[in-house]
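Overview (structure and organization)
Listed below are the residues making up each chain.
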Amino acid sequence: MTADGIEEPRHSTGHELVVVGSANRDLTVEVERRPEAGETVLGGDTRTSAGGKGANVAVAAAKLGSRVAMVGAVGADSAGEELLGSLRAAGVDTGLVRRCRRPSGAAYITVTPDGENSIIVSPGANGDLGVPDVQAAAGVIAAARVLFTVPEVPMETVAAAVRSARDRQVRVVFNASPVTDLEPDILAAADPLVVNGHEAAWLLGVGPGESGEPGELVRGLRELGARSVVVTLGARGAVTSDDAMGQVTVPAPAVTPVDTTGAGDAFSGALVSRLAEGAQLPEAARFAARVAAISVSSWGAQDSYPAADQLA
Ligand code: RIB
């Protein structure tokens, strides 16, 4: 029994990383340009693949060799089977992914010729992932080195996961995407908080176009209370800040993007994989920028993530 009164279930442990997050079936179409309101445009053939910010991070880290457990929810439908299949194929433990009555989450994605994506998410089963799912995972979380979570599942579930890990001295990596208001104790537990420039500006209440230097965003987020911070900058790499190493800018390799969908998740997956091995934050971010660059060079999210032996 823990301080918060939760019975610790007996689970097989040995996972370095626990991900509490979403799994979606991604339906992607390539378009020359996105339609205006009331307009119809023709696109390419639909590509169907496994996605969802939580599952993407779990798969990215597992492909790089981490032992990963996923806490999530999918529907009792064919999409749910496919999403579980993709996680398992990468070696992720899906024992804590629940099948439920709502349909599996789906993401409707357009990609333009410059590789940029825009996404609408229909959460479906992800919306059913609740605090009891986190309580059921308490033993697995307690035995992990890192907990990663992302609010494509209900924020109360995310908050319960963060507090569960924090109270057991497990490192919390929190990706605030989609960006939302954060309780001060959630921000304070983030080590690091991972955001892109838009999300950082939103959290700081800075208007579009006035966001200033990435370094200022990083400083602002630490002043707001985050224990450490990574601001990702796409093709420009990332800026990290923590007590041990101060503020560091890491570059990204130059690549011609095909599809940027899930690149941020590839970054987070590689980041947590290295942090779980004990790397310093800038070193983990440098590795993560390399992995994200590889991921944008081919279609899809999980399908585009490299295995460790492809990085030699
Ligand atoms: O970050 C990319 C992911 O966002 C996609 O895989 C999609 O499912 C949405 O969750």
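Below you will find a few notes about this structure.

Quick notes on the rules
Every chain's residues receive numbers from 1 upward, in the order its sequence appears when written. Note on the predicted model: pLDDT of at least 70 is required for a residue's local features to be given, and 80 or more for side-chain atom pairs to be given and counted; whole-chain, interface and lining totals, by contrast, use all residues. Heavy atoms from the whole structure form the basis of all side-chain values; hydrogens and water molecules are not counted. Whether a residue is near a molecule or strand depends on its heavy atoms: it is near if one of them lies within 4 Å of it. Identification of polar contacts relies on pairs of N or O atoms within 3.5 Å, with a donor-acceptor requirement for protein atoms, meaning one able to donate a hydrogen and the other able to accept it, and with residues adjacent in sequence counted only if both atoms are side-chain atoms. Where accessible areas are quoted, they stem from the Shrake-Rupley method and a 1.4 Å probe; at the residue level, only the protein chains shown are allowed to cover. Secondary structure is summarised from DSSP: a helix means a run of H or I of at least four residues, a strand means a run of E of at least two, and numbering begins at the N terminus for each. To qualify as a nonpolar core, a set must consist of buried Ala, Val, Leu, Ile, Met, Phe, Trp, Tyr and Cys residues joined through side-chain atoms within 4.5 Å. With a 1.4 Å probe rolled over the protein chains alone, any residue whose accessible area is under 20% of its type maximum counts as buried; one over 50% counts as exposed, and the rest are partly exposed. Two residues form a contact once any of their heavy atoms are found within 4.5 Å. The pairing criterion is simple: DSSP has to find at least two bridges between the two strands.

1. Overview of the site of the ligand
Taken together, N24, D26, G51, G52, K53, N56, A107, I119, V121, E152, G262 and D265 form the complete shell of residues around the ligand. Measuring from an oxygen atom of the ligand, one finds a side-chain N or O atom of N24 at 3.0 Å. Note that an oxygen atom of the ligand is positioned 2.9 Å from one of the backbone N or O atoms of G52. About the coverage of the ligand: the protein hides 96% of its 280 Å² of free accessible area. Those elements giving two or more residues to the shell around the ligand turn out to be β2 (24-30), α1 (53-63) and β7 (117-122).

2. Details of the nonpolar core
Proteins that are soluble and globular tend to have nonpolar side chains buried together. With 49 residues, the main nonpolar core has F267 and L271 as its most contacted residues. Of all the secondary-structure elements, those providing two or more residues to this core are β1 (17-20), α1, β4 (68-75), α2 (78-89), β8 (146-149), β13 (246-250), α9 (263-276) and α10 (281-295). The leading source of residues in this core is α10, at 8 residues. If near-sequence neighbours (up to four positions away) are discounted, L271 is found in contact with V173, P192, V194, V230, L281, A284, A285 and A288. With 43 residues, the next largest nonpolar core counts A144, L203, V231 and V239 among its residues.

3. Details of the pairing of strand β5 (residues 93-100)
With 6 bridges connecting them, β4 and β5 associate as parallel partners. Counterpart to G72 in the pairing with β5 is V97.

4. Considerations on the pairing of β7
Summarising the sheet, strand β6 (residues 105-111) and β7 pair through 6 bridges and their orientation is antiparallel. By the bridge assignment for β7, Y108 is matched with I120. Where β6 folds back onto β7 in an antiparallel hairpin, the turn is made up of 5 residues, including G115, whose phi is positive at roughly 90°.

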